[in-house]
Each structure stands twice: as structure tokens, then as C-alpha cells.
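Remarks on the overall topology
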Amino acid sequence: MTEPALDALLHEGRRFDPPVELAENANAQPEIYEHAAKDRLGFWAEQARELTWDTEWTDVLEWNAPFAKWFLGGKLNASVNAVDRHVAAGNGDKVAFHWISDGDTERRDVTYADLKREVCKAANALTSLGVGAGDRVTIYMPMIPETVVTILACARIGAPHNVVFCGFSSDSLSGRINDSDSKLVVTTDGQYRRGEPAPVKPAVDEALKSTPGIEKVLVVRRTGTDVEWDEGRDVWWHDVVEPASDDHTPEPFDAEHPLFMMYTSGTTAKPKGILHTTGGYLTQAAFTHRMVFDLKPDTDVYWCAADIGWITGHSYIVYGPLVNGATSVMYEGTPHPADKDRWWKIIQDLKVSILYTAPTTIRTLMKWGAEVLEPYDLSSLRILGSVGEPINPEAWIWYRENVGGGRTPVVDTWWQTETGAIMITPLPGITATKPGAAMTPLPGISADVVDNSGKSVGESGGGLLVLTESWPSMLRGIWGDDERYQETYWSRFDGVYFAGDGAKKDDDGDIWLLGRVDDVMNVSGHRISTTEVEHALVSHPSVAEAAVVGATDPTTGQAIVAFVTPRGSVAEDESAGEEFVQGLRDHVAKQIGPIAKPRQVLVTPELPKTRSGKIMRRLLRDIAENRELGDVTTLLDPTVTEAIRDRMAGSDTKED
Ligand code: WTA
């Protein structure tokens, strides 16, 4: 972000008070902050009591920095909390999910009783396939109800799930299967994308060529397309889950029993398996969902438009809403130009009252124009949420005015895969919001902005975001790598969690998030590491060297720009061709997944380096951001090379 833009942001004068009626009836009332501050652990214990426990804990927190245990000695079952307890309370007929297929050709209402029956069957089937407590299960599935069923069935039998976003490549998938040492994969034959069936299982088949630990693959039929079949390994869902008994006695697990792992990009090429456990995670996922969205389970229709393959889907499609007994929308599709008004039809039809999405989507909707929304009655909406990247004030205002009719609070929620649940956010009935600010840590959460030496910057200062006290849904580690856990999050400053984000406090002490300060890019709200993409590029036989930077992009927040030096064996006219660049982009998509495809690949005979041989990323970022390079620049473009050379000549070579 440029200095003037940042300045304008921090002197943003607009304030939006909570609507009076919402404030009066809100789940969270102003005294909640003081109440939590007085007795933080007591406060979290109160929130934990909203769950159903088989055995109550003896201690709220054991903190051996940086290792936390919450609700020691407590025992509970996550799927009982998400499903059984609502059925037992007489809410079995309540809709848990209004599921809508891609393109809205099919709708299915799944009640809590349906969900319980399916989860029990799936739990029995998983057990019969040899999965027991502690065994890892990798889930590679699109946005269908069976995905939720699988997640909850795993939780029910204590088998940590490892959901891999269905857009990841077979290479990424096999890496995650092996790192988590999974025993079973659950997948589908295919999925629908923009009205067309697309294959899913072939990526699993490919991945499994290098995953010795996998014994079985459980396959849901979604598209009915032909798939290759390994008789000894592959099992159809309809053959084992449908006929299974719907009677299943859940076992209580320790509060610290691993619930799931979720791989996310770090600053090295190898993704990190972020580990979450049961009691603390569920406590905070449910608490935040109840308070940040002011959920009224009997009247709200809630829609989190994320994918279950990311942490937002885990906490705010699956666990938070289900533990709270909410009625949610689950949509298989994503917004696309051929189907511009789909969202507004869904909101109008189902009277959606809470919508949670990402700034990148809001900017896409903005591009399509407010007139797309006009024919629709969106008056049911009462709260709008944003997550995944900093939201620019224009997008924030557009969201509030056009989607929220100028009535609805917008809650900009900051959190991470590692934090498990929302950490910094306005509360809709309490906070006077500012367009673009995540505002304040939630009650029970302690955050600060510090300078490089770890000193708090106080009001009107900028620096790095840290979390200063353990929180219930914090990651419990990186799967199999305690050292990397300590090193990544706890070594920069003593005893506090380093989030990797830059932040500012304004004159009121409210927090504004400014984006990553490490080598992690944020593309359409997805975390992608520059190193991971560089790694993929240099694995191509024609590439000698690659440097990747994130450049500001008006729609996706950041876009991936790669600078590539071809090997000497590649002829100049070959590397100058469109095909060469396209080949590299496709190669990255194959290695990591389409989300990691660079927007631009710039071929250059050399990369700018310092005398000590370090690539000058800041310079590359300048080039990537300042110049009109066209959509897919095929090169050898002499102007870029010149630009690189010119800048090199005049720049400080001591850049780190
Ligand atoms: C960024 C997604 C500004 C941030 C839940 C963080 C945000 C990373 C916001 C985590 C926000 C998320 N404002 N930045 N409201 N929310 N981020 O793990 O850089 O996919 O570190 O979790 O997204 O991304 P992750």
C-alpha cells in the first residue's frame, strides 16, 4: 500500500453506529469486554460451558510457552456438539443446510436429524474400513453435504481430518497425504464447476502413486462420470455408507484430542500442517460465530460463502454454525460472469440474514455493477461479514450500501488458519465501525501492534501484529514439527505470537490490518508462498532461476508475478514465445493448483541481485507494480530487462 493511500485510510472519518434495535437485542452487550478482561480464563470457561461435555475440565489453561492445553481433563465429542445435541433437544426437523448445487439446478434441505443419521452411518463405515481414533483421513471433496458428513464422521470417531481444497493439484495432495500420514482418502468422482462436470478422482489416483500409507479410497458419486477403479483399494460411498447402520454410540475424547489439521502456506516451499484440537477450538468457533454474527438460531439464515477446503469453511460453515444449531446456506458454486445474479436470487429466496464473504468477491461484484442487485429484495440481510484480506474502504462502503441497503453493520474479521477462529473484529451491536478497520480484539483476546524490537507502538503507530496471550482455538503446533512451530511463530518476539501481518493503530487505538510482512502472498484471500511458486517454477526443465513477488491487483488483492531466467539450453526465440510462458504457468498449476498460476511470467536473462547474491525482491515488486506489462507478458521483453537493469544500476545493492 502506498503511503498516501495508507494515510487516507487512517484518517478515515466515517463512523457507522450499530442500528438501535440490533444493539438492544444483540447477543453481545458492551459490558462483555470488561467482563472478559476481569477474569479472562473464567470468561472462556463460561463460553466452554455452552458446549456439551461428557466430563468437565479440571483446569482451564496450562501454558508452557508456546504450548497450550485448554480445558484439561475435559471430555467431549465434536459431532455430538454439532448434531446429536440439537436432535436430542427436539430440533431434529430444523434445517442445518439449505444446500444449493452449482448453477442452482438442484436444492437439498438437510435437517439436523438427516445429518445425524448420515454422520452415524459414515462413522460406522469408516470404522469398517479400518479407521480408528487417531488415524488421519484426507478429504478431497467439493462443496456437497457428504463433505460435511465426512468431516463430522471423522470427528465422531476421533480420526483427525485433513481437508485439502479440491482445486489443489495431485502433487499438492500427495504432499499433504504423506505429511499427515493419512490412512484413508475420501473423494468424489467429479464436481460441477460453472455448470460443467470436472474430474476429481483422477487427481487422487495420480497422487496415490506416491502415497504408500493409503489403504482405502472412499468415493462419493457426484457427477456420474467414468472413473478408473482399483478394486482392492477403491470403495463407493453408496456401497458402504448407505447400507451402514445409523446407530452409532459416540465416544468422548479428551479436550486436547486432535480434531483436524489444515495445511497452509508458510515462507518455505513446504506447507505447514496446522493442528487444531477439540475443546478449545469448538469453544471459540462457536463463541465467535454467536457473537460476531449475532446469531439467533431460530430466525437467522446464515450464509458463509467460503469453501470448506479452507479454514473459514471449517470454522464458519461446519463447526461454528452447527454447534450453535444454525440454519445455513451451503452453495456449491462460485460467482462467475455467466451467472451474475445467482447470489441475490439465493438471498431473496431463502431470506438470508447474515452473509460472510471475502473482499475479493465483493470487488468482483462491484465490477459487475450495483444494477445486478437491484431487482432483488435483499431486505432480509442484517449483518455482513468480511474475511481473508484487508478490505479497502470503497469495497466496504459498496458492500454496506448496495448489499446491506445502508442498514447493516459490516464486520471485518481478522484471523488465520493458525488462530482457528476470529480474533479481531467489530461486534455488530456494540462497535461503531470504520470502513476498512478490523477494530478491536474480541473479549478474551489480547493483541497488540509492536515495533521491530517488540515494543508496543501505542496509539497512532504502525508495526507488526502480535497476540499476547494464549487463546482457546490457537494452533497446537505444526504437525510433526515442533521446532518449526516455535521458529515460525514464537522466535521473533519473546513469549508472544507473531502473526506475520503488518498493522497500524489509529488515534483511537483501533487496529487496521495492512497485509503480510513475510513472503506469503494473499491472492483472492488465498495464502500462497512465493517460495512455493519459485520451487514449482525451477522444477521445470527449462528454468534456471525464478523469483516470485506479489503485486497489488485491483480485484484479487495481490497477483502472482514471476521473473524467470531460462536455462542456457533454451533458445532465445523459444523463451521469447507465448507458448513458453504459457507452459510455465501451466506447470505451476500442475505442481500446486490453478490458484497459484502466475498472472504474469517475465522472462529475463538475469535476475537483479545484491553483491552477496540475494535476489532484490523489492525491486522486482516495484517493476511488477509500476509498469503496464499487459495481461500475460511473453518475453524476452527488452523494456523489462532494461527496467531491471536501469533500476539495478541506480539502486542500493545492500537490500536484504
Ligand atoms: C489475511 C483466513 C486483513 C492476513 C481466515 C492473515 C486479513 C491471513 C483478514 C490468514 C482481515 C485474514 N483483514 N487481513 N480481515 N483476514 N487476513 O490462514 O494476512 O487463509 O494473516 O485465514 O489472511 O489467511 P488464512
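The following paragraphs examine the structure supplied in this document. Predicted model, so just to flag it, every value in this text is computed and none were measured.

**Here we look at the packing of aromatic side chains**
- Evaluation of the coordinates by the stated rule reveals 31 aromatic pairs.
- Centre to centre, the rings of tryptophan 471 and tyrosine 497 are 5.3 Å apart; their planes meet at 80 degrees, and the pair counts as edge-to-face. With tryptophan 471 in the loop between strand E22 (462–467) and strand E23 (477–478) and tyrosine 497 in strand E24 (residues 497–505), this residue pair connects regions lying 26 residues apart in the sequence.
- In textbook terms, an aromatic cluster arises when at least three aromatic residues are bridged by ring pairs, as seen for Trp63, Phe67, Trp471, Tyr485, Tyr489, Trp490 and Tyr497.
- The ring of phenylalanine 168 is capped by arginine 176, whose NZ or CZ atom sits 4.3 Å from the centre of that ring.

**Observations concerning the site of the ligand**
- Every one of the 17 residues lining the ligand counts as a neighbour, but Asp412, Thr413, Thr417, Asp501 and Arg527 are closest to it.
- A distance of 2.7 Å separates a nitrogen atom of the ligand from a polar atom in the side chain of aspartate 412.
- Between threonine 417 and the ligand, the recorded distance is 2.5 Å, taken from a side-chain N or O atom to an oxygen atom.
- Here the ligand loses 97% of its free accessible area of 520 Å² to cover by the protein chains.
- Breaking the shell around the ligand down by element, the ones donating at least two residues are helix H12 (311–323), strand E20 (410–413) and strand E25 (511–516).
- Of the residues in the shell around the ligand, the class split is 6 nonpolar, 6 polar and 5 charged.

**Things to note about the packing of helix H11 (residues 279–292) against H12**
- Relative to each other, H11 and H12 sit at 85 degrees, their axes nearing to 8 Å. The angle between the axes of H11 and H12 places the two elements in the roughly perpendicular class. Together, Tyr281, Leu282, Ala285, Ala286, Thr288 and His289 of H11 and His314, Ser315, Tyr316, Tyr319, Gly320, Pro321 and Val323 of H12 make up the contact between the two elements.
- The class makeup of the residues in the contact of H11 with H12 is 8 nonpolar, 5 polar and no charged.

**Let's talk about helix H13 (residues 342–350)**
- Of all the positions in H13, only Arg342, Trp343, Trp344, Ile346, Ile347 and Leu350 are classed as buried.
- Lysine 351 occupies a position one or two residues after H13 and carries a positive phi of about 50 degrees.

Conventions adopted
Residues numbered from 1 in each chain as written. Predicted model: local features only at pLDDT ≥ 70, side-chain atom pairs only at ≥ 80, totals over all residues. Heavy atoms only, no water. Phe/Tyr/Trp six-rings, centres within 6.5 Å; stacked < 30°, edge-to-face > 60°. Helix = DSSP H or I, 4+ residues; strand = E, 2+ residues; numbered from the N terminus. Lys NZ or Arg CZ within 6 Å of the ring centre and 35° of its normal. Near = heavy atom within 4 Å. Polar contact = N/O pair within 3.5 Å; in protein donor to acceptor, adjacent residues only side chain to side chain. Areas by Shrake-Rupley, 256 points an atom, 1.4 Å probe, with all protein chains shown as cover. Nonpolar A, V, L, I, M, F, W, Y, C, P; charged D, E, K, R; others polar. Axes fitted to C-alpha atoms, helices over the stretch in contact; angles between N-to-C directions. Parallel < 35°, antiparallel > 145°, perpendicular 65-115°, else oblique. Contact = heavy atoms within 4.5 Å. Buried < 20%, exposed > 50% of the residue type's maximum accessible area, 1.4 Å probe, protein only.

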